[in-house]
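An overview of the molecular structure
Here's the letter readout for the chains.
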Amino acid sequence: MGYRLLIFDFDGTLADSALWFANVLNDVAGRYGFRQIGVDEMAELRGRPNREIIRRLGVPAWKMPFIAAHFRQLAAEAAPDLKLFPGVENMLRRLAAGGVKIAVVSSNSEATVREVLGAELSGLIAHYGCGASVFGKAPKFRAVIRKAGVAEADVLCVGDEVRDIEAARKAHLATGAVTWGYATPQILRAQRPSVVFETPGDILHEAGLCGI
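The structure reproduced in this document is the subject of the present report.

Rules of the game
Residues numbered from 1 in each chain as written. Predicted model: local features only at pLDDT ≥ 70, side-chain atom pairs only at ≥ 80, totals over all residues. Heavy atoms only, no water. Axes fitted to C-alpha atoms, helices over the stretch in contact; angles between N-to-C directions. Helix = DSSP H or I, 4+ residues; strand = E, 2+ residues; numbered from the N terminus. Parallel < 35°, antiparallel > 145°, perpendicular 65-115°, else oblique. Left-handed = near helix turned anticlockwise from the far one by under 90°. Contact = heavy atoms within 4.5 Å. Nonpolar A, V, L, I, M, F, W, Y, C, P; charged D, E, K, R; others polar. Disulfide = S-S within 2.5 Å. Buried < 20%, exposed > 50% of the residue type's maximum accessible area, 1.4 Å probe, protein only.

Here we look at the packing of helix H7 (residues 137-148) against helix H8 (residues 162-170)
Two numbers describe how H7 lies on H8: the axes approach to 8 Å, and their chain directions differ by 55°. Judged by the angle between their axes, H7 and H8 are oblique. You can see that H7 and H8 cross each other, and the crossing is right-handed. Of H8, the residues touching H7 (which contributes Lys 137, Ala 138, Phe 141 and Arg 142) are Asp 164, Ala 167, Ala 168 and Lys 170. Class assignment of the residues belonging to the contact of H7 with H8 gives a composition of four nonpolar, no polar and four charged.

Here you go:
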């Protein structure tokens, strides 16, 4: 309780980008030569560990940086249409007003994150660690903590995927999993995160602030 720094994932945690991702995935698959999937298999893979998804789709490892860069480009183009989840705006405002430092660590670009958040909310974010690789969030977490000047025990990482939990643990940080993103609540709970959030208001309680 009473964390000094909250590090948020962006897509699926703050921004509701699941439908956009589903709509572009098969086009990207066709461009880069990995397997296209239908709606049922997409639902089955929801929230599975990234290594499992990459293996099942037959994505060559050497293509991953190019695919990630292409997704970032597509996200930048879609930014004007991407929305935050209900309650996220108020949550960010209340955290900042309560003296909690806020950071965003994402595989997305900082420019895209800022555009989706808008000028006011992006100004509340003290630190950005963007452009992370699929398996490269832990170093971004450490860099943000150094810049923020806080102890590891005072940090909570909040995300919606198994890889978010894994990266936070690798950096020896507390883990918070949101149930409204890509991964199913069952998959997330099986990872035994420090805390599971059902609503953005729950994050405020965990940070030692009253709800929305």
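So, the state of the cysteines
Enumeration according to the criterion identifies zero disulfides in this entry. Here Cys 130 stays unpaired: no disulfide links it, and the sulfur of Cys 157, its closest cysteine neighbor, is 14 Å away. Of the residues examined, Cys 157 reaches a relative accessible area of 5% and is grouped as buried.

Honestly, that's just the spatial picture; any functional story needs more than this.
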